[in-house]
Amino acid sequence: MTRAATYQYVDLPDAGVVTTRALLTARENITDTVAARAMTCIHGGAGFGKTLAVNICLRELEPDEDVRKITFRARPTARAVRHELFTALDLPGEPPRHPSEFDRLLKTALAERPRTLLVDEAQWLNGEAFEYFRYLWDEPATQLAIIFVGGEGCHTVLRREPMLSSRIFIWQHFTRLTPGEVLETIPLFHPVWADADPDDIAFADRHAAHGNFRAWAQITAHVRTALARTERPAVDRDVLRWVFTALPDPHRLHTHSGHTRGGRSRRAALPTART
């Protein structure tokens, strides 16, 4: 287990990156993909730990492997993909205006040495964008490995395109932690859970986290606040019930903590300190 200052959108000091079965599988899959200069799709629901796991695994390959990351926040055209690659590869000068000239520049740059592209939030890619990555990867001179990471949408689009899906070397599906995995993983995730009652951990997962790592990060941040303010020595049901009132919706923890669709949620009073 390694330590990380932040944990997926939440500033969470002392959080640990736990070597789960999914992370171990991702490490093997990414290592094999890079060695084969292939394309892989790692997909699953929001907050399941895909991006964190892939970033950790790719970091282990650096500096021997030249890793470049591209993240999309909206549905890109082939033109937008070209410009993102131009920036990610740190190419000098101004981007070419004509597509054919742009393509030659990118192919030349990608042929210089082996590279791995991490394409995050790949659920935003449509068939045209995926096809452009395939076009570059198919070029005999390029030495590309491509890791597509995204929600279920990227898997759906890729599967609809036979020319693309037939070229995917490995598919890995990230899922929620099972109740058993939660009890194994969460005590290692952060010190506030190290000595917690397993029944309380199961209670928090059943009522709020639902096996979602991002949700556990949010819950843990609120637990740290509650313990610091009340000077309680450990998490308990009173603290957890207060934490639940701070969350937007126990079943939809991907929105900003403390808010609901209709505005700010009501936060209950903190439990008093135990004497």
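The numbers attached to residues start from 1 for each chain and follow its sequence in the written order. Reporting of local features is limited, given that this is a predicted model, to residues whose pLDDT is at least 70; pairs of side-chain atoms are given and counted only at 80 or more, and all residues count toward the totals for whole chains, interfaces and linings. Each side-chain value is worked out from all heavy atoms of the structure, with water and hydrogens disregarded.

Asks: How would you summarise the overall build of the chain if you had to cite specific residues and measurements?
Replies: Each helix corresponds to a stretch of at least 4 residues labelled H or I by DSSP, and each strand to a stretch of at least 2 residues labelled E; elements are numbered beginning at the N terminus. Along its length, the chain carries 11 helices and nine strands. Here's how the labels work: a residue is buried when its accessible area is under 20% of the maximum for its type, exposed when over 50%, partly exposed in between, all with a 1.4 Å probe on protein chains only. By the burial criterion, 51% of the 275 residues in the chain qualify as buried. Long-range pairs, those at least 24 residues apart, make up 70% of the contacts in the chain with a sequence separation of at least 6. Per-residue accessibility takes into account occlusion by the displayed protein chains alone, with areas from the Shrake-Rupley method and a 1.4 Å probe. Put simply, the chain shows about 13700 Å² of open surface, and 51% of that area lies on carbon and sulfur atoms. Working rule for contacts: check all heavy atoms of both residues, and any pair within 4.5 Å makes them a contact.

Asks: Quick rundown of the environment of W242? Include the residues and the values.
Replies: Its place among the elements puts W242 in helix α11 (residues 237–246). Of the residues examined, W242 reaches a relative accessible area of 3% and is grouped as buried. Spatially, the C-alpha atoms of W242 and V223 are 8.8 Å apart, while their sequence positions differ by 19 residues.

Asks: Please give an account of the layout of surface pockets that cites residues and values.
Replies: Definitions used throughout: a 1 Å grid over protein atoms alone; a cavity as a set of points that fits a 1.4 Å probe which cannot get out; a pocket as an open set with protein on both sides within 12 Å along at least five of seven lines; a lining residue as one with an atom within 4 Å of a point. Grid points are joined across faces, edges and corners, and a volume is the space filled by probe spheres set on the points. The computed volume of the largest pocket comes to approximately 250 Å³. Lining the largest pocket are 21 residues, with T20, A22, F48, F174 and L177 sitting closest to its centre. At the level of elements, α1 (21–36), α2 (50–61) and β7 (168–174) are the ones that each hand at least two residues to the lining of the largest pocket.

Asks: Go over the packing of helix α4 (residues 99–110) against helix α5 (residues 127–138), please, and point to the residues and values.
Replies: For every element, the axis is a line fit to its C-alpha atoms; helices are fit only across the contacting stretch, and the angle between N-to-C directions ranges from 0 to 180 degrees. Between α4 and α5, whose axes approach to 10 Å, the crossing angle comes to 55 degrees. Relative to α5, the element α4 is oriented oblique. In the packing of α4 onto α5, the handedness of the crossing is right-handed. On α5, the residues touching D103, L106, K107 and L110 of α4 are Y132, Y135 and L136. Under the scheme applied here, ten amino acids are nonpolar (Ala, Val, Leu, Ile, Met, Phe, Trp, Tyr, Cys and Pro), four are charged (Asp, Glu, Lys and Arg), and all others, including Gly, are polar. Residue classes in the contact of α4 with α5 are distributed as five nonpolar, no polar and two charged. Here roughly perpendicular refers to angles of 65 to 115 degrees, roughly parallel to angles under 35, roughly antiparallel to angles over 145, and oblique to all remaining angles. Each crossing gets its handedness from the near helix: less than a right angle anticlockwise from the far helix is left-handed, clockwise is right-handed.

Asks: Mind laying out the sheet that holds strand β5 (residues 115–120), listing which residues take part and the relevant values?
Replies: Strands pair, by our definition, only if DSSP identifies at least two bridges between them. In space, the five strands of this open sheet follow the order β4-β5-β6-β3-β7, with parallel pairing throughout. Either end of the sheet is taken by a strand with one partner, and the two such strands are β4 (66–71) and β7. Looking at each pair of strands side by side, their axes are set apart by 15 degrees on average, direction ignored. Lying over the sheet, helix α3 (residues 78–88) contacts β4 and β5, oriented at roughly 140 degrees with respect to β4. Its contacts with the sheet place α5 against β3 (39–44), β4, β5 and β6 (144–150), and it is angled at close to 160 degrees to β6.

Asks: Can you explain unusual backbone geometry? Please cite residues and give values.
Replies: The residue after E62, namely P63, is reached through a cis peptide bond having omega 5 degrees. Checked against the element boundaries, P63 lands in the loop between α2 and β4. Positive phi outside glycine occurs at H210, with the angle close to 55 degrees. Tracing the backbone shows H210 in the loop between α9 (198–209) and α10 (213–230). Residue H210 is classed as partly exposed on the basis of its relative accessible area, which comes to 23%. In this structure, E231 takes a positive phi of about 60 degrees despite not being glycine.

Asks: Explain the packing of helix α8 (residues 179–189) against α9 to me, and be specific about the residues and the numbers.
Replies: Close contact between α8 and α9 brings their axes to 10 Å; oriented N to C, the two are set at 105 degrees. In this view, α8 runs roughly perpendicular relative to α9, as classed from their interaxial angle. Every residue of α9 that contacts α8 at V182, L183, I186 and P187 is listed here: P198, I201, A202 and D205. For the contact of α8 with α9, the residue count by class is seven nonpolar, no polar and one charged.

Asks: Tell me what's going on with the nonpolar core, and back it up with residues and numbers.
Replies: Take the buried Ala, Val, Leu, Ile, Met, Phe, Trp, Tyr and Cys residues and link them wherever side-chain atoms come within 4.5 Å; each set so joined is a nonpolar core. With 32 residues, the main nonpolar core has L85, L125, F130, F133 and F148 as its most contacted residues. Mapped by element, the contributors of at least two residues to this core are β3, α3, α4, β5, α5, β6 and α6 (152–160). Excluding residues within four positions of it along the chain, L85 makes contact with I70, L106, L117, Y132, F133 and L136.

Asks: Please set out the environment of F148 residue by residue, giving values where relevant.
Replies: Following the sequence through the fold, F148 ends up in strand β6. Accessibility expressed as a relative area gives 1% for F148, which makes it buried.

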